[in-house]
Amino acid sequence: MLRVAVCDDMNEFLTSTRARLEHWDDPPTELTVELFQDGDGLIERHKENPFDILLLDVLMPLQNGIETAAEIRRFDPSVKIVFLTATSDFAEESYAVHANNYLIKPVSTEKLYRCIDTLYQELQEQSKWIMVSTAAAIHRIEIRKIEYLEAQGKKVLVGLSDGRSLLSNHPFYSFEKQLLLEDGFFKCHRSYLVNIYRIITYTQKEIQMQSGIRIPISRSCHSEFEAAYFDLLFREGAQL
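First, a word on what this report is: a plain description of the structure on this page. (Residues numbered from 1 in each chain as written. Predicted model: local features only at pLDDT ≥ 70, side-chain atom pairs only at ≥ 80, totals over all residues. Heavy atoms only, no water.)

Observations concerning the sheet that holds strand E3 (residues 53–56)
To be explicit about the condition: Any two strands with at least two DSSP-identified bridges between them are counted as paired. Numbering of helices and strands starts at the N terminus; helices are DSSP runs of H or I of at least 4 residues and strands are runs of E of at least 2. In this description, a line fitted to the C-alpha atoms serves as the axis of each element, helices being fitted only across the stretch in contact, and the angle between N-to-C directions of two axes falls anywhere from 0 to 180 degrees. Contacts between residues were defined by any pair of non-hydrogen atoms, one from each residue, lying within 4.5 Å.
What the 5 strands build is an open sheet, ordered E2-E1-E3-E4-E5; its pairing is parallel. At either margin of the open sheet sits one strand with a lone partner, and together these are strand E2 (31–36) and strand E5 (101–104). Each strand of the sheet is rotated relative to its neighbour by a mean of 20°, with strand direction disregarded. Pairing of E3 with strand E4 (residues 80–85) involves 4 bridges; the strand directions are parallel. Looking at the pairing, Leu54 lines up with Ile81 of E4. Taken strand by strand, helix H1 (residues 11–21) contacts strand E1 (2–7), E2, E3 and E4, and its axis lies near 175° from that of E2.

Below you can see the structure in the form of structure tokens.
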């Protein structure tokens, strides 16, 4: 899935850009496009559920695109940022926030698609990651380093491959939306997501992870889990 945010104070530009993005890929890549008219809304949404690509107008009231990008860069150094603006006056400032591209309006559909093509290819070559918010900080975590997640009331314990754990403020369902079976994650119990690639062994009742922790398997999903386990590992050429 590719998650794209478009931030501009002009509603007409937002809707026309979304319409073009929705016809970007053929055959289609699963694509989500969200629209924002101010930087504050974009920043809060990105903290909650990170985007892959941000398309930002530079000249917006209150907080402009450069300021918005600078704030996002404080907690997310890797998101792809593209400025779409009517002037080249801010090109130099865009380098300071490590923008990936700077396109002058009006942007042709061809140029927009070519830009998205390049960024999508770069994303495909990078390790996928998520943002994990705790009481103390926001952590950028590669998903391959996540071993399991456990729902604990309104919080989620994120167990990492290095033995550390983080207690996240985000609800369990928000992680379910981000960590999919195609990424190696399976919901084996109403309170657990496990990284299939980090499983040592399993029985009818439980899974043993590489860290040694044992995680229960719900009886109702054991057959589905076993099928997903073998399908994913053999399809990816992984060694059991």
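So much for the structure itself; the text now carries on.
Topic: the nonpolar core
Condition: Here the nonpolar core consists of buried residues drawn from Ala, Val, Leu, Ile, Met, Phe, Trp, Tyr and Cys, with membership extended through side-chain atoms lying within 4.5 Å. Summary of the burial criterion: residues with accessible area below 20% of their type's maximum are buried, those above 50% are exposed, and those between are partly exposed, where the area comes from a 1.4 Å probe applied to protein chains only.
Leu42, Leu54, Leu56, Ile72, Ile81 and Phe83 are the most contacted members of the largest nonpolar core, which has 21 residues in total. Sorting the residues of this core by element identifies E1, helix H2 (39–48), E3, helix H3 (65–75), E4 and strand E6 (129–133) as the ones contributing at least two each. Examining the composition of this core, we find that 4 residues originate from one element, H3, more than from any other. Leaving out residues up to four positions away in the same chain, Leu42 has contacts with Ala5, Cys7, Phe36, Phe51, Leu54, Leu56, Thr68 and Ile72.

What to know about unusual backbone geometry
That bond from Lys105 to Pro106 is cis: its omega, -5°, falls within 30 degrees of zero. Looking at where Pro106 falls in the secondary structure, it is placed in the loop between E5 and helix H5 (109–125). If you check the backbone angles, His98 has positive phi at about 55° while not being a glycine. By the element assignment, His98 lies in the loop between helix H4 (91–96) and E5. We classify His98 as exposed; its relative accessible area is 57%.

So, the pattern of salt bridges
Quick note on the threshold: When a carboxyl oxygen of Asp or Glu lies within 4 Å of a side-chain nitrogen of Lys or Arg, that pair is called a salt bridge.
Overall, the coordinates contain 14 salt bridges when judged by the stated rule. Between Asp57 and Lys105 there is a salt bridge, and its shortest N-O distance comes to 3.4 Å. Note that Asp57 is positioned in the loop between E3 and H3 and Lys105 in the loop between E5 and H5, a separation of 48 residues in sequence. A relative accessible area of 6% means that Asp57 is categorised as buried. Of the residues examined, Lys105 reaches a relative accessible area of 21% and is grouped as partly exposed. Across the pair Arg164 and Asp162 runs a salt bridge, and its minimum N-O distance is 2.8 Å. Counted as one network, the salt bridges with shared partners bring together Arg3, Glu34, Arg45 and Glu48.

Quick word on the packing of aromatic side chains
Formally: Here is the rule: rings of Phe, Tyr and Trp (six-membered ring for Trp) pair when centre to centre is within 6.5 Å. Planes less than 30 degrees apart are stacked, more than 60 are edge-to-face, and the remainder are tilted. We call a charge positioned above a ring when the Lys NZ or Arg CZ atom is no farther than 6 Å from the ring centre and deviates by at most 35 degrees from the ring normal.
Tallied over the full model, the rule gives 8 aromatic pairs. Plain terms: the ring middles of Trp24 and Tyr120 are 5.4 Å apart, the flat faces sit at 80° to each other, and that makes the pair edge-to-face. Of this pair, Trp24 sits in the loop between H1 and E2 while Tyr120 sits in helix H5, and the two are 96 residues apart along the sequence. Given the relative accessible area of 9%, Trp24 is considered buried. Arranged with centres 5.1 Å apart and planes meeting at 90°, the rings of Tyr202 and Phe225 form a pair that is edge-to-face. Placement of Tyr202 in strand E13 (residues 199–202) and of Phe225 in helix H7 (residues 222–235) is noted, with a sequence separation of 23 residues between them. In this structure Tyr202 comes out as buried when scored by relative accessible area, which is 17%. One aromatic cluster is present, formed by Phe186, Tyr202, Phe225, Tyr229 and Phe230 through successive ring pairs. Against the face of Phe13 rests Lys105, its NZ or CZ located 4.1 Å from the ring centre.

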